[in-house]
Amino acid sequence: MSDIQLYLLEVDKDKAEAQQVAARSARRLESKEAKLIDLITSLEPYINDKGDANSRAKSVGFLADVLSALPPKILSGQERRLLCDFITGRIEGDLEGIGASARALIALEGLARWDTQSVQTVVRTFVDHANPLRQFKLQTERYAVVQLIDLLLAKYRDAMRKLHEDDAEFMPSFIAFFEGEKDPRNLMIIFSLLQVPMTEWDIRAHAQDLFDSVFNYFPITFKPPPDDPYGITAQDLKDRLRACIAANSDFAPYAFPQLLDKLDSTSMNTKRDVLQAIQACVVGYEAKTINLYSVTLWDALKFEILNVQEEDLAVESLKALTLIGAKFADSAEGPLNAYLRPIIKECNEHLEDAPTKQSEAAGRILYSVAMAGQTVADKLVKGILPTLFSLHSSSESLTKRRGLLEVFNQVLKAYADLEDVQPGIDTEAVQSFASEALDAMERALIHAPKAEVSFRLTSLNGLSCLVSVRKALSDAQVDRVVDAVTEIVLHERVEGHGDIRTPAIKALTEMAHSVPHAIRDRSVPAFMVEMPDCPSEKDVPGMVLEAFAQLSTEGQVFDTVAVRLKNKYNAARHQSAPVEYRRALLLALLYAFTFGAPAREDGIVRSSYYTEYAESLVTDVANGHREGSTLEVIGRIVNTLLNPQGVHFQTTVYSKNLDWMTAANNKDNADVSLTPFTLHYYAALRPEVTDAADIVPLLQTQASLALHRESHPAAAGSVLRLITLLLNKFANPKTLEPTLKATNLEVLTLLSQPVSPATANLALAITKALLLQGKTPTLTTTYLETLLAHLPTAPNPLARNFTTLLAPDNLLTKQNHCLISGLYKQKLFAHTLPPLTDAIRTADPEQKPYYLVALSGILRWLPYSILEPRLSSLIAPILQTLDLPAAADGAHEAKPSALTILESTLMHAPEMLEEHTASLVSRLLNCTTSTATDTTINNPWTLRAKALQCLALCPRQLKSEKVMPFRRQVVRRLLVCLDDGRRGVRAEAVRCRGAWLGLGEGEEEED
Amino acid sequence: MEADKDNANPTIINPSDLPSRRRSAPTQKRPGIFDALAPAYPTLADQLSSPEASSDSGSSSDEEEREEIDEQEVFDLISTISDPEHPLSLGSLGVVKLADIAIMPPTSPRSRISTIRVLITPTTSACSLTTVIGLGVKVRLVNALPPRFRVDVRIKEGTSNTAGEVNKQLGDKERVAAAMENRSLVNVVNTMLATCV
């Protein structure tokens, strides 16, 4: 059998096999075993089979497959030309196999570049004889043709253009050729290939037809099928279509009227598409074209802004207004003036009755249009501000003045933001109004009644904007603004309604960005006056310090703020100021280094800060100045400045402090009050900086402190955290057991004696260190099992404190160079869940609470995604947790944690709870009862509120037939909650009751 | 273009001028910014102290200070209701005002029933939707307040041409109940209340 016969047999059954056959033919041609002429001849009976169209099409397919499999340079130029003629000749007489013909031609073109003549013949053949393409029913056939045309347009720009230039009739046929295509894959290519004639050819005569041929598809409403293998989205199509619409200025007479017509559509999606298309057109078309439509566009777009239907439509419309302005910004004045005239007129009209929605919209419009560039902004200023200020000065109404100033602020904001885009813009236009504005706003801020909050806030905001517009104000004027705002921050004392200190502080911080020198010269000294060296205990200026610390968020004044705080702290210390004041100063410093903007080198805080700020603090501590309340803050400052530093720097610090630290942590004579500092200090150090020989004695000391000394709970807590930290960071996992034994921290030994609260906590602290480290899994598991085994016998405080195993600790972090295993939460969960749930099922009622508390303690810190797979076994224990008597140790922490999980479950997997609806609803209702109603119950108000939140989710998340039976009961029980003693609970009760009242309403409507 | 609305461009009150509880709370109580620096997680240290003291975020001080339902709370309940023709809240349109809400204690020592009176100010005196707004306010309060309150919603004197008729309707239990049987009316009211969260 010949290859063609085999191919015809296989092609419908087994595509791959057919390809093989074609490839074999190709190899024969390549090795000269067969000649091209033989191949063609062998096709003859099938390719010309008058009675069987199918066979003709398939034979062309064979030819295409053979040619695709052929490497270049096998066929001579003459052979290729012959083939080309053969295929195009066929098309003239027979359209069967049009797709295969196109594929064959693509393959031929791939073998060697064509000349102009061939390109034109091929294109003409298709356009003249296969027109319109939609007559071919198979998408794949049309796809091949479209690909061929796309290829030729991409590679033979001149040949294609000549085709159009030489024949006026070509373009109409070319447009008609693609008409009616509906397949998204084909359309993606057609939209793309049509951009070549649209942007590169002179198509003025055919603009309307060409435009209509693509605009017919507007707006795209395509929805990809659920398992679409081609991955074409509606957005892809929209993007390409939009590029077509915006491709040529000659489209404008057709594009704008039709787009604006569709802007009246009731479909928000259509409007979105229209607005984006308008933006693209404004960018794509020439300025002189846009000039013809600028006013029409404004008239249509303004409605989207003045009467906002959807916020994003307003935003897109504003963007379009900016783009139009930008189009004219650099050209002659005429078009820009013509565009701005109606805008100025309209906005001025809306100013008349400010403040309204429209006057607010006018502010947005002015901002957006001004953002087109400084020349545009200047014209707006000249057109708007005279009216604005004359209205302002002629009005007595504070509300009206506020409305006007809000608009003014938008204009200022545009200048400030333009400066970011084009630094060094000329702000002369604003300068002429700046003094008047400054007077008005300063007067408003200082003299307006304090209850006029919005008026004063608008003025404050305006002053901040004025300062941020470069050169708008003179230096003296800037000082006036800074003084006025500083005055509010420091001296205004309004309680409740009227208090604008917080926004004033924010404004001051913003101003520090544009005029740091004024803040340094005016504000900082004023702040210093309010911070005496040694205030009395009652007069610690906490609010002033808070405000001052916030200035540190601006990098340019950071150092000033930090130095002043440090000096003030030193002065306070020398004059023995109250410890609250010194602590507040240290906290301010810590705030500055944590949330402020200290200078950085290579991304880390400069090491010189440690030398300048932390070192002297540490020296004081070394010299015995150790007060509990400041020591911890000092530790944290040291930690913040030291932990990012490199090994070299840290080593120097470490060796400098080693002697006195060792002495202070002497085993027999340890200073437990130092522990909070030691904790933060060691947290900062990199493991390689220390020596194991230094750590072991330290651990021994802390172990004995933990077990044998009665100390203040806070200090004892630091001891335990320090033990966890040291074990995690510095203990070598390979020699962990000997280390634990040498330091008396072996958990099995600890728990082998009667368990005291101190031992239980120590055991948890040690286990946590190992768990986080994740390097000694066997030992960790043994410890966990032992702890679980002790739950019923040594309950207090073991069950309640189980939660600390997973509780995050802000010192045990990678930033502090701790070893944190990525999977420790999963590990703990996997090891403890089965024994705990088993125990809960079988334990006697007295012991059960301990297991429930331990379980909820662990669940409290687990992300929902980890516990989700095990939810089915968790629901029952979680619901039982809600039944814990209030007196049970740890019930207060366990219940909120249970509610949190129920809430997540209701949100993410409500079906898990459906079978438990009855017990869920009744338990949640029980959690909402307050002591006022029933004195035996003690549900804290936060728990009541949380329970109501969960209960409110039920009607929304659970199937209505499941919750409907409880509607009446819940609605009635909630009446009591509406009268709860706490406002927060009442608010939740209203929400919850609304959700249950609304239950079933949707269905009634359908009846 | 907005001819179908009675008052197409009403005056809007700036949100920062609306009365709110947050701003009227004394500033001392609010946590300082430095508190954010303190660790937020439980450590073994918290748990070492007695369980009652550590666990309690409100229970001990919980019931002793009862926060009574006051005018501000009523205002907060109704100020977020949407106007039926503007996408704006009744509070920001000045339709409901804090000063126009009054809570009157029980009239006799034996009665438990207090009365809440809310006066409504329509945006224009000819506002045709006044009744619907009144109905929305009434429904909201009846659903959200405990039953020991009687809710009295009226139109503020001199602000509406139809005040007498509307007041009669809103005061009549039967007519309110009948109105809430009307599907399309219920839908309007529900849409108005949908923004109360």
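Residues numbered from 1 in each chain as written. Chains lettered and ligands numbered in written order. Predicted model: local features only at pLDDT ≥ 70, side-chain atom pairs only at ≥ 80, totals over all residues.

*Asks:* In this structure, what is going on with the overall build of chain B? I would like to understand it.
*Replies:* Looking only at helices and strands, one finds 9 helices and 3 strands in chain B. Along chain B, helices (α) and strands (β) appear in the sequence α-α-α-α-α-β-β-α-β-α-α-α when read from the amino end. In chain B, the share of contacts with a sequence separation of at least 24, taken over all contacts with a separation of at least 6, comes to 67%. (Helix = DSSP H or I, 4+ residues; strand = E, 2+ residues; numbered from the N terminus. Contact = placed C-beta atoms within 7 Å.)

*Asks:* Just checking my understanding: could you explain the overall build of chain A for this structure?
*Replies:* Of regular secondary structure, chain A possesses 51 helices and 2 strands. Projected onto the principal axes, the alpha-carbon positions of chain A cover approximately 110 × 85 × 70 Å. Residues counted as buried form 47% of the 1007 residues belonging to chain A. (Buried ≥ 20, exposed ≤ 12 C-beta atoms within 10 Å, placed from the backbone.)

*Asks:* Quick question: what am I supposed to make of the sheet that holds strand β3 (residues 149-155) of chain B here?
*Replies:* Where strands meet in a sheet, backbone hydrogen bonds hold them as pairs that are either parallel or antiparallel. Residues and elements named next belong to chain B. Ordered in space as β1-β2-β3, the 3 strands form an open sheet in which the pairing is mixed. Strand pairing shows two members of the sheet lacking a second neighbour, β1 (96-104) and β3, which therefore form its edges. In this sheet, neighbouring strand axes are inclined to one another by 20° on average, regardless of whether the strands run parallel or antiparallel. Of the strand pairs in this sheet, strand β2 (residues 114-120) and β3 are connected by 7 bridges, and their pairing is parallel. Paired with S114 across the bridge in β3 is F149. (Pairing = 2+ DSSP bridges. Axes fitted to C-alpha atoms, helices over the stretch in contact; angles between N-to-C directions.)

*Asks:* What is the right way to look at the environment of I500(A) in this model?
*Replies:* Residue and element names in this part refer to chain A. Position of I500 among the secondary structure elements: in the loop between α24 (475-491) and α25 (501-514). The exposure class of I500 is buried, given the 21 C-beta atoms found within 10 Å. Between the C-alpha atom of I500 and that of N186, which follows or precedes it by 314 residues, the distance is 61 Å. Contact partners of I500, with chain neighbours within four places excluded, come to V453, R456, L457, L460 and I488.

*Asks:* Whenever I open this one, helix α27 (residues 542-550) of chain A confuses me. Can you help?
*Replies:* Since the α-helix advances by 3.6 residues per turn, residues separated by three or four positions end up pointing in the same direction. For α27(A), the complete set of buried residues consists of V544(A), L545(A), A547(A), F548(A), A549(A) and Q550(A). Contacts from the buried residues of α27(A) go to α24, α25, α26 (516-529), α28 (555-574) and α29 (579-595) of chain A.

*Asks:* For this particular structure, what's the right way to read the UniProt feature "domain: MMS19 N-terminal" (unreviewed entry) in chain A?
*Replies:* Under the present numbering, the feature "domain: MMS19 N-terminal" (unreviewed entry) in UniProt falls on residues 40-307 of chain A. Taken end to end, residues 40-307 of chain A comprises 72% helix and 0% strand; its first and last C-alpha atoms sit 71 Å apart. (UniProt positions renumbered as here; feature names shortened; annotations may be inferred.)

*Asks:* How should the domain arrangement of chain A be read in this particular structure?
*Replies:* Where interface size is given, it is often the accessible area lost as the parts come together that is meant. Taken domain by domain, chain A holds domain 1 (286-420), domain 2 (430-524), domain 3 (691-862) and domain 4 (869-998). Here the C-alpha centre of domain 3 of chain A lies 65 Å away from the C-alpha centre of domain 1 of chain A. (Domains from an automatic or database assignment.)

*Asks:* Just checking my understanding: could you explain unusual backbone geometry for this structure?
*Replies:* Comment: phi is negative for the bulk of residues other than glycine, and the bulk of peptide bonds are trans. All names here are of chain A. A cis amide bond links N131 with the next residue in sequence, P132, at an omega value of -5°. Here P132 shows up in the loop between α7 (116-129) and α8 (139-155). Following F218, the chain continues to P219 via a peptide bond in cis, the omega torsion being -10°. Structurally, P219 is set in the loop between α12 (207-215) and α13 (234-245). Phi is positive for K32, which is not a glycine, with a value near 65°. With respect to the secondary-structure elements, K32 resides in the loop between α2 (15-30) and α3 (36-47). A residue is classified by how many C-beta atoms lie within 10 Å of it, and K32, with 8 of them, is exposed. In the Ramachandran plot, K471 falls in the positive-phi region, its phi being about 65° despite a non-glycine side chain. With respect to the helices, strands and loops of the structure, K471 is situated in the loop between α23 (453-468) and α24. Classification of K471 by C-beta neighbours within 10 Å gives exposed; the count is 12.

*Asks:* I tried to follow the packing of helix α11 (residues 184-200) of chain A against α13(A) on my own but got confused; where do I start?
*Replies:* Pairs of packed helices are described in terms of their axes, by the angle between the two and the distance that separates them. Residue and element names in this part refer to chain A. Across the interface, α11 lies against α13 with an axial gap of 9 Å and an inter-helix angle of 20°. Our classification of the angle between α11 and α13 gives roughly parallel. Where α11 crosses over α13, the two elements pack in a sense that is left-handed. Every residue of α13 that contacts α11 at P184, L187, M188, F191, S192, L194, Q195 and M198 is listed here: D236, L237, R240, L241, A243 and C244. Its residues placed into classes, the contact of α11 with α13 shows 10 nonpolar, 2 polar and 2 charged. (Parallel < 35°, antiparallel > 145°, perpendicular 65-115°, else oblique. Left-handed = near helix turned anticlockwise from the far one by under 90°. Nonpolar A, V, L, I, M, F, W, Y, C, P; charged D, E, K, R; others polar.)

*Asks:* Please explain the nonpolar core as it appears in this structure.
*Replies:* Burial of nonpolar side chains together is a common tendency in soluble globular proteins. Residue and element names in this part refer to chain A. By size, the foremost hydrophobic cluster in this structure holds 348 residues, and its most contacted members are L589 and I637. In terms of residues, this core owes the most to one element, α29, which gives 11 residues. Apart from residues no more than four positions distant in its own chain, L589 is found in contact with A562, L565, K566, Y569, Y613 and I637. (Core = buried A, V, L, I, M, F, W, Y, C linked by C-beta atoms within 7 Å.)

*Asks:* Looking at this structure, I do not really get the packing of helix α15 (residues 268-284) of chain A against helix α17 (residues 311-329) of chain A. What am I missing?
*Replies:* Residues and elements named next belong to chain A. Between α15 and α17, the shortest axis-to-axis distance is 9 Å and the interhelical angle comes to 15°. Overall, the two elements α15 and α17 adopt an arrangement that is roughly parallel. Our pair here, α15 against α17, has a crossing hand that is left-handed. Packed against α15, whose contacting residues are M268, K271, R272, L275, Q276, I278, Q279, V282 and V283, the element α17 presents L313, E316, S317, K319, A320, L323, I324 and K327 at the interface. Its residues assigned to classes, the contact of α15 with α17 comprises 9 nonpolar, 3 polar and 5 charged.

*Asks:* Honestly, the confidence of the model for chain B in this entry has me stumped. Any pointers?
*Replies:* Reading predicted coordinates in detail is not appropriate for stretches of low pLDDT. Residue and element names in this part refer to chain B. When pLDDT is averaged along chain B, the result is 77; 74% of the residues meet or exceed 70. Considering only residues more than four positions removed or in separate chains, one finds that residues 24-29, a stretch of pLDDT under 50, has 7 contacts. Across residues 47-62 the pLDDT falls below 50, and counting only partners more than four positions away or on other chains, this stretch makes 29 contacts in the model. (pLDDT = per-residue confidence, 0-100.)

*Asks:* Is there a simple way to explain the environment of V638(A) in this structure?
*Replies:* Residue and element names in this part refer to chain A. As for its position among the elements, V638 is in helix α31 (residues 628-642). Judged by the 24 C-beta atoms lying within 10 Å of it, V638 is buried. Expressed as a C-alpha distance, the spacing of V638 and R991, which sit 353 residues apart in the sequence, is 47 Å. Not counting residues up to four positions away in its chain, the partners in contact with V638 are A614, L617, V618, H680, Y681 and A684.

*Asks:* Whenever I open this one, the pairing of β2(B) confuses me. Can you help?
*Replies:* Two faces make up the sheet, and in a regular strand the side chains alternate between them. One ladder, built from 5 bridges, connects β1(B) with β2(B); its direction is antiparallel. Looking at the pairing, I103(B) lines up with I116(B) of β2(B).

*Asks:* Before we go on, may I ask you to explain the environment of E30(A) in this structure?
*Replies:* Residue and element names in this part refer to chain A. By secondary structure assignment, the location of E30 is in helix α2. A sequence separation of 45 residues divides E30 from L75, and the C-alpha atoms of the two residues are 8.6 Å apart. Residue contacts for E30: discarding those within four places in its chain leaves L70, P71 and I74.

*Asks:* Would you take a moment to explain helix α22 (residues 428-447) of chain A for this structure?
*Replies:* All names here are of chain A. Its 20 residues place the ends of α22 29 Å apart at the C-alpha level, agreeing with the 28 Å of an ideal helix rising 1.5 Å per residue. Bending of α22 peaks at approximately 45° at the position of A434. Looking at the buried residues of α22, the elements they touch are α20 (374-394), α21 (398-421), α23 and α24. (Expected span 1.5 Å × (residues − 1). Bend = angle between axes of the 7 residues up to and from the residue.)

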